[in-house]
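Coordinate inspection notes
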Amino acid sequence: MDPTAIPGVVFSRAPGRTLPVAVRAEGATIWDADGRAYLDAAGGAVVVNVGHGRRSVAEAVGTQLGAIAYAHGTAFTSEPLEAYAVEAGPLIPVAGPAAIYPVSGGSEAIETALKLARAYHVARGENERWTVIARWGSYHGNTLGALDLSGRRPLRRPYEAWLGRFRHVSAAYPYRADEPGANALADPAALALELERTILSAGPESVAAFVAEPIVGATLGAVAPADGYWSAIADVCRRHGVLLVADEVMTGFGRTGTWFGMDHWGVKPDLVVAAKGATSGYWPFGFVAASDRVHRTVVEGGGFVHGFTYSHSIGGATVAREVLRIIREEDLVSASAAKGALLLGLLRDRLGDHRNVGDVRGRGLLVGVELVADREMKAPFPRSARLTEGIVHAARESGLLVYSGTGCADGTNGDTILLGPPFVVTEAEIERIVAGLAGAIDAALATVAPVG
Ligand SMILES: Cc1ncc(COP(=O)(O)O)c(C=O)c1O
C-alpha cells in the first residue's frame, strides 16, 4: 500500500508487535476487542491501585469538567485543588502542613522537585548548592533531568552524551550487596558513610539534594533497604543541609501496605514526589509535596521560577480526590498489606526452591521475583537470552500481564519480574497470578540455552 495514502498512524510503544485493542476493564481484569481477558497483575505500570472500572471516578470528573475544565494556575485556584490539599496533606510524610504542587505525572514531578530544592537553597542565600545525588539501581523518569537522576543504565545508554550532571551512590540492595558491577551495598552504616563521603568530596556547601525511592520499584524489582538505612541517610542529609527527596511515584498511596513507603521507617523527607497511584491511571497526574519549612522558605524568599500549562489541573485534582476517597473508604491500604503478604507467601511456596529463582521479595502489593542462571553464585542469565522478555511474553499469551526489569545485576544483565496488581485483586486472582507466573517462567526457561 502507498504509505502516503494512509492518513496517520500511532507511533507505537511496541513497534513490530500488533497490540490488542483494549476496550474495557473492571477490577483487576482488562478485556480486548476480541473479548479476551487479561489479568492485570501489574496494574499497567504499577499504577491502578484502586482497580479498573470505577464509575464514581468517571462521574466525579465528568461533572467537574462540565462545570469548569481549565483555568490557568497563575490566575485561579479551584475547589477540588484546595480540598485535595487539605485531604491528602496529612497523609504525606513531610513535616506539615504539606504544600502540594500538582503536575501531570512522575517525571514532571521529579523535575519540579529538583527545581524546588534549588529554589529553597537560593532563597536561603546558599547559591552554590547545585549538586544532586541519586543512587544506582533507580528510576526517576524519562525527561532528561529525571533520566539523569535515574541509575538505570539500559535507559540512560542511548542518551548518555546528554547526561552526567548528577552523582550516584550505591543502591541499598541486600541481595547483590558487594558484588562487582552491582553498585550495591546492604549495611546502612556503610551506605550512609558512602553518601557522607560523596557530599564531603563535592563540598557540602554545593550539595542541594539526595533523591531516592524508599523501596526500589521497576529497576531492581521491589527492593527494600535494611532497617536503619533511611534514618541514617536522613541524618547525613540533615547534618549537611542537603534536602532529602523521596520518590514515592510507585510506592505512594498504599502500594507497599502503608500510605507511603517512608512510613515503614517513620522518616520524614523534605520533599515527597508522588504520581501513579494518586489517580490510579484515571488521569495523568503527579505532585511534589514540600514540607512547611521548604514551602515557606521558597514563598517568602526567592520565589519559584517554574510552571506547566497543565499543572494545578482541576480535572486532575478531582480524580485524585475521588481516588483518595475510595482508598480510605474501602481501607485499601490495609488490603494492600494483607493481600501483598498472601501473594508473597504463595510465591515463596511455589518458587522458593526453583533453581532459577534467586529471590522473591517485596512489601504490600509491590512484589519482585529475581531470576538467576545459578542460585549459588547468583549469576544472572546473559542479556542475550532475553529471559525477562520471554517470561512477559509467555505470561501475556496465557492472559496474565506482568511488569519487567533488566540490568539489576550489573547494569546490563539481570532479570526481574515485578507484580503490582490493583488492591481489589481477589484471593482467587492472586492464586492465578502465582500459577500463571510460575508457568510463564518455566515456559520461557525452556527456550533459553543452559548457562555454564
Ligand atoms: C519511582 C518512579 N519515579 C518516577 C517515575 C516516572 O513517572 P512517569 O512515568 O509518570 O513520568 C516512575 C515511573 O515508573 C517511577 O516508578
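What you are looking at is a predicted structure, and each value in this text was computed from that prediction instead of being measured. (Residues numbered from 1 in each chain as written. Predicted model: local features only at pLDDT ≥ 70, side-chain atom pairs only at ≥ 80, totals over all residues. Heavy atoms only, no water.)

As for the domain arrangement of the protein
Assigned domains within the protein: domain 1 (3-53 + 331-445) and domain 2 (56-329). A separation of 25 Å is found between the C-alpha centroids of domain 1 and domain 2. Between domain 1 and domain 2, the contact holds 41 residues from the first and 42 residues from the second. Summed over both sides, the interface between domain 1 and domain 2 buries roughly 3200 Å², with carbon and sulfur atoms accounting for 53% of that surface. Across the pair Glu370 and Arg176 runs a salt bridge whose closest N-O atoms are separated by 2.7 Å. Between the two partners, domain 1 and domain 2, sit 25 residue pairs in polar contact (both at pLDDT 80 or more). A per-element tally of the side of domain 1 that touches domain 2 places strand E13 (residues 357-363) first, with five residues. Residues that form the side of domain 1 that touches domain 2 fall into these classes: 18 nonpolar, 16 polar and seven charged. (Domains from an automatic or database assignment. Contact = heavy atoms within 4.5 Å. Buried area = accessible area lost by both parts, 1.4 Å probe. Salt bridge = Lys/Arg side-chain N within 4 Å of Asp/Glu carboxyl O. Polar contact = N/O pair within 3.5 Å; in protein donor to acceptor, adjacent residues only side chain to side chain. Helix = DSSP H or I, 4+ residues; strand = E, 2+ residues; numbered from the N terminus. Nonpolar A, V, L, I, M, F, W, Y, C, P; charged D, E, K, R; others polar.)

A word on a nonpolar patch on the surface
On the surface, Leu144, Tyr159 and Trp162 cluster together to form a nonpolar patch covering roughly 350 Å² of accessible area. Locating Tyr159 in the fold gives a position in the loop between helix H6 (153-156) and strand E6 (167-169). (Patch = residues over 30% accessible without salt bridge, like charges linked within 9 Å, V, L, I, M, F, W, Y side chains within 5 Å. Areas by Shrake-Rupley, 256 points an atom, 1.4 Å probe, with all protein chains shown as cover.)

Here's the deal with the site of the ligand
Every residue near the ligand is listed here: Gly105, Gly106, Ser107, Tyr139, His140, Gly141, Glu213, Asp247, Val249, Met250 and Lys276. At 2.6 Å from an oxygen atom of the ligand is found a side-chain nitrogen or oxygen belonging to Ser107. Measuring from a nitrogen atom of the ligand, one finds a side-chain N or O atom of Asp247 at 2.7 Å. Taking 390 Å² as the accessible area of the ligand by itself, protein coverage stands at 82%. Within the shell around the ligand, the residues separate by chemical class into three nonpolar, five polar and three charged. (Near = heavy atom within 4 Å.)

Looking at the packing of aromatic side chains
Under the definition given, this model contains nine aromatic pairs. On the basis of an interplanar angle of 80° and a centroid distance of 5.9 Å, the ring pair of Tyr84 and Phe285 is categorised as edge-to-face. With Tyr84 in helix H3 (residues 79-88) and Phe285 in the loop between strand E11 (271-274) and strand E12 (286-290), this pair connects stretches of sequence that are 201 residues apart. Classification of Tyr84 by relative accessible area gives buried; the value is 2%. Given the relative accessible area of 4%, Phe285 is considered buried. (Phe/Tyr/Trp six-rings, centres within 6.5 Å; stacked < 30°, edge-to-face > 60°. Buried < 20%, exposed > 50% of the residue type's maximum accessible area, 1.4 Å probe, protein only.)

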